[in-house]
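# Residue-level structural notes
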Amino acid sequence: MSADKKQGGKASTYHVTGFDDRESLGAVRHDDNELLAMLGYKSEFRREFSLGETIAFAFSIMGVVASVSSTMSFPLVSGGHVGMVFGWLIPCLFVVTVAASLAELTSAMPTSAGLYYFSAKLAPPRWAPLASWVTGWANVTGQVALVCSIDFTCAQMIVTALSVGSDGTINLGAGPTFGLLLAILFTHGIVCSAATAVLARLNIFYVLVNVGTTIAAIVALLACSGDQRVSTETAFTKFENNTGWSSSGWAFLLAFTAPMWTLTGYDSAAHISEETANAAHAAPIAILVGVGATASLGWLLFIAASFATASVSQLLGADLPLPMGQLFLNVLGKRGMLAIWSLIIVVQYVTGAAQGVDASRVVFAFARDNALPGSRWWKKMHPYTSTPVNAVWLVMLLAGICGILGFSETALSSLAGASVIGLYVSYVTPIFLRITSGRTKLQPGPFSLGRWYMPIGIVAVSWVCFVVILLVFPPEVNPTAETMNYTIVIIMLVFIFASLSWVISARKWFKGPVRTIEQDHSESTDEDKKGARVRVEEKPVEN
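Rules behind the numbers
- Residues numbered from 1 in each chain as written.
- Predicted model: local features only at pLDDT ≥ 70, side-chain atom pairs only at ≥ 80, totals over all residues.
- Heavy atoms only, no water.
- Helix = DSSP H or I, 4+ residues; strand = E, 2+ residues; numbered from the N terminus.
- Buried < 20%, exposed > 50% of the residue type's maximum accessible area, 1.4 Å probe, protein only.
- Contact = heavy atoms within 4.5 Å.
- Areas by Shrake-Rupley, 256 points an atom, 1.4 Å probe, with all protein chains shown as cover.
- Salt bridge = Lys/Arg side-chain N within 4 Å of Asp/Glu carboxyl O.
- Expected span 1.5 Å × (residues − 1).
- Phe/Tyr/Trp six-rings, centres within 6.5 Å; stacked < 30°, edge-to-face > 60°.
- Lys NZ or Arg CZ within 6 Å of the ring centre and 35° of its normal.
- Patch = residues over 30% accessible without salt bridge, like charges linked within 9 Å, V, L, I, M, F, W, Y side chains within 5 Å.
- Polar contact = N/O pair within 3.5 Å; in protein donor to acceptor, adjacent residues only side chain to side chain.
- Core = buried A, V, L, I, M, F, W, Y, C linked by side-chain atoms within 4.5 Å.

## Structural notes on the overall build of the protein chain
Helices and strands together make up the secondary structure of the protein chain, namely 22 helices and 4 strands. Across the 543 residues in the protein chain, those meeting the buried criterion constitute 58%. Across the protein chain, the fraction of contacts at a sequence separation of at least 24, relative to all contacts at a separation of at least 6, is 83%. Just so you have it, the protein chain exposes about 20200 Å², and 65% of that area is on carbon and sulfur atoms.

## Side note on the pattern of salt bridges
The final tally for this structure, using the stated rule, is 3 salt bridges. Among the salt bridges present, the one from Asp-167 reaches Lys-334, with a minimum N-O distance of 3.2 Å. Taken together, the positions of Asp-167 in the loop between α7 (128-165) and α8 (174-192) and Lys-334 in helix α16 (residues 323-368) put the pair 167 residues apart, joining distant regions of the chain. Note that Lys-238 and Glu-240 form a salt bridge whose closest N and O atoms lie 3.8 Å from each other.

## Considerations on the environment of Leu-471
Mapped onto the elements, Leu-471 comes out in helix α20 (residues 453-471). For Leu-471, a relative accessible area of 6% corresponds to the buried category. The sequence separation of Leu-471 and Leu-254 amounts to 217 residues, and the corresponding C-alpha distance is 7.7 Å.

## Examining helix α21 (residues 487-509)
Along its 23 residues, α21 runs 31 Å from first to last C-alpha, staying within 8% of the 33 Å computed at 1.5 Å per residue. Those residues of α21 hidden inside the fold are in contact with α7, α19 (411-434) and α20.

## A short note on the packing of aromatic side chains
This structure, assessed with the given rule, holds 26 aromatic pairs. Look at Phe-94 and Trp-463: their rings are 4.5 Å apart centre to centre, the planes differ by 5°, and that puts the pair in the stacked class. On the criterion of sequence distance, the pair formed by Phe-94 in helix α5 (residues 81-108) and Trp-463 in helix α20 is long-range, its members being 369 residues apart. Residue classification places Phe-94 among the partly exposed residues on the basis of a relative accessible area of 30%. When the centroid spacing of 6.2 Å and the interplanar angle of 65° are considered together, the rings of Phe-328 and Trp-341 count as edge-to-face. As far as the burial class goes, Phe-328 and Trp-341 line up, both buried. What links up through ring pairs into an aromatic cluster is the set Tyr-116, Trp-133, Trp-137, Phe-366, Phe-497, Trp-502, Trp-509 and Phe-510. The positively charged end of Lys-121 is found above the aromatic ring belonging to Tyr-117, 5.2 Å away from the centroid. It is Arg-434 that lies over the ring of Tyr-453; its NZ or CZ is 3.8 Å from the centre.

## A short note on a nonpolar patch on the surface
Taken together, Ile-469, Val-472, Phe-473, Ile-488, Val-489, Met-492, Leu-493, Phe-495, Ile-496, Leu-500, Val-503 and Ile-504 make up a surface patch of nonpolar side chains, about 1100 Å² in accessible area. Top contributing element to the nonpolar patch by residue count: α21, with 9 residues. Within the fold, Met-492 resides in helix α21.

## Some points on helix α14 (residues 279-308)
Along its 30 residues, α14 runs 42 Å from first to last C-alpha, staying within 8% of the 44 Å computed at 1.5 Å per residue. α14 sits mainly inside the fold: 21 of its 30 residues count as buried.

## Quick look at the side chain of Thr-294
Looking at the element boundaries, Thr-294 is found in helix α14. Within the local environment of Thr-294, its side chain forms a polar contact with the backbone oxygen of Gly-290, the two atoms lying 2.8 Å apart. In this structure, Thr-294 is in contact with Phe-59, Met-62, Val-64, Trp-88, Thr-262 and Leu-263, ignoring residues within four places of it in sequence.

## Notes on the environment of Ala-123
Examined against the element boundaries, Ala-123 turns out to sit in the loop between α6 (115-122) and α7. Of the residues examined, Ala-123 reaches a relative accessible area of 1% and is grouped as buried.

## A short note on the nonpolar core
Grouped together as the largest cluster of nonpolar side chains are 145 residues, with contacts concentrated most on Tyr-266 and Tyr-424. Here the element with the most residues in this core is α16; it accounts for 21 residues. Apart from residues lying up to four places away in sequence, Tyr-266 is in contact with Ile-61, Met-62, Val-95, Val-98, Ala-99, Leu-102, Ile-287, Val-291, Tyr-424 and Tyr-427.

Structural data, given as structure tokens:
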């Protein structure tokens, strides 16, 4: 399939989808690199991700069974059975609008720069650098916080397993949990530094473990709950407000934290698009399939958990760090719980690994445009693996620093809130620009919303504005220093740093995404370089 793109009054044709008997994988990769050149970047990654592997990556990064197990406390506190069932379903319906809008943008501009590149190209020329700066810093903040929150809950899962396995004699506190977090981050640094081909193959394993464990958990909760299983009426309609907030409606809204935290990272398909064959076609499909599958499986799992929950208060009052662990213990017994919990730990671990890859690509891309302190270090590619190893270890270091919040009682709320706000602000900024200043600027790729982009975009922007306000509130009334929601602290620290950097210095030199294609003097022949330059000149990227 071919797509004709027109910008600046001139046209150029390139292949963007599918293979046939006349078109080899090498030709498709060449076309991908042509499109990347038109966007202003030279190709630095190996395109090893196929369509299936890209879908697996986007799906695995959300780790549905592990994410539900990590965040079950939110709906239990904020609605009980209703919080589990409808506190998951309602946000998922709105997130689909965000995902669809991002899929359209990714199809048109498949580059690792992703969101901040979209903002730069859709904003008015005068404001393009600032739009790119804000989007990039929000995305980096969300990415690092998400790595930390995933690996922190993985450490909590290990603590839960140790407690159950030792019949409660081993109960690790905040210090040992922080040590486990650092160990997990270190091993993820090693995994994420691997070559692209290795990472692509690993994602098939990731998705098999993820889907298999999720289905096993659903079946186990429904089949083994026995007399503990509640009625359909109770599972879908019983509401319990355990937040301390007097308004039950407001309490219910706080349950939205679980699906909003789970449904993050699907922009990863954009960030690995420079490592993906047929990226303009594969990346948007991966975004939509990843979100749809995660939302559906997560809802089924929460319905199963609601049926298996005989007492919400008993789960919340348990000594284990994660209520889902107590639920599995109640339903399956010690051996059964440890068996499925071990698989869930594996899922959470590989989810963290996938997120580490995603975050490192964001840092690399932002550094490639010289937007980070020390950019010359973070944009270096390792000569053997052809991956941004320095960026990987920067992500792990910053995630470890964020992990200090693990000593707070509201560590998960704070980390989840920071990651959701950072990521969704970066998601919604280019969507907002798409429906305002960028209405006539976008030249759609293979996936397009057509005339529906405007109503879908309006819903997406409205939803994110609402969620951002919601997530800065504390989980309970009259918070203390121990129970405060530190989301606002993380967000404001980054906001102040980025704002001061912009006012003092960056506004004078940061112009948004930086073209690198003209700098390519080593990896292409003179003829290829000349052709690439001609294509860029024929198709100027306009703001």
